[in-house]
Amino acid sequence: MTIDALIDSNVIIAALAGDHDHHVPSADLFGLADTATLAVTAHSYAEAYSTLTRRGAHAPFRFSADEAWAALESLRAITQLVGLTPAQSFETVRSYATAGGIGARLYDRMIGEAAVIHGISTIVTWNVSHMRSLFPTIDVMTPPEYGQRR
């Protein structure tokens, strides 16, 4: 099976959170699942769940555990699940650290590595510049750009 695009966790979060600034174009992307094979990495579901259920001063969405899980399951039903093996995950962290990488861009690195390993030529994200700087040979675009291409 050929996968057309790998979807970043920030697109998942925006698609599921109705009050997110990018909600409509992100949700519209998943409407293309009938004509495009979309994939999500396993760790992106964990990152999205964590963000959606976060509490405290910097918690914009505050989904309950049940709400977040149901929302993620709805996307899982229309996407392919891909990921890195444990060894590939560890190697990605090692190479990121060796290159001086710090912080949350590690998750972008893991998504890009999954795209490379699974032969996925397109990543859809709202952090285009971050992803392009890590993976200049992969086609990186926003949800509206991807929708226009389809």
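The paragraphs below set out a description of the structure included in this document.

Reading the values: the criteria
Residues numbered from 1 in each chain as written. Predicted model: local features only at pLDDT ≥ 70, side-chain atom pairs only at ≥ 80, totals over all residues. Heavy atoms only, no water. Helix = DSSP H or I, 4+ residues; strand = E, 2+ residues; numbered from the N terminus. Buried < 20%, exposed > 50% of the residue type's maximum accessible area, 1.4 Å probe, protein only. Salt bridge = Lys/Arg side-chain N within 4 Å of Asp/Glu carboxyl O.

**So, unusual backbone geometry**
Even without a glycine there, the phi angle at Arg 62 is positive, about 55 degrees. Secondary-structure assignment places Arg 62 in the loop between helix 3 (42-53) and helix 4 (65-76). Residue class for Arg 62 comes out partly exposed when judged on its relative accessible area of 44%.

**Regarding the pattern of salt bridges**
Under the definition given, this model contains three salt bridges. Across the pair Glu 91 and Arg 94 runs a salt bridge whose closest N-O atoms are separated by 2.4 Å. With Glu 91 and Arg 94 both in helix 5 (residues 86-98), this residue pair falls three residues apart, about one helical turn. For Glu 91, a relative accessible area of 37% corresponds to the partly exposed category. Residue classification places Arg 94 among the partly exposed positions, given a relative accessible area of 41%. As a salt-bridge pair, Glu 113 and Arg 109 come within 3.3 Å of each other at their nearest N and O atoms. Of this pair, Glu 113 and Arg 109 are both found in helix 6 (residues 105-117), four residues apart, which corresponds to roughly one turn of the helix.

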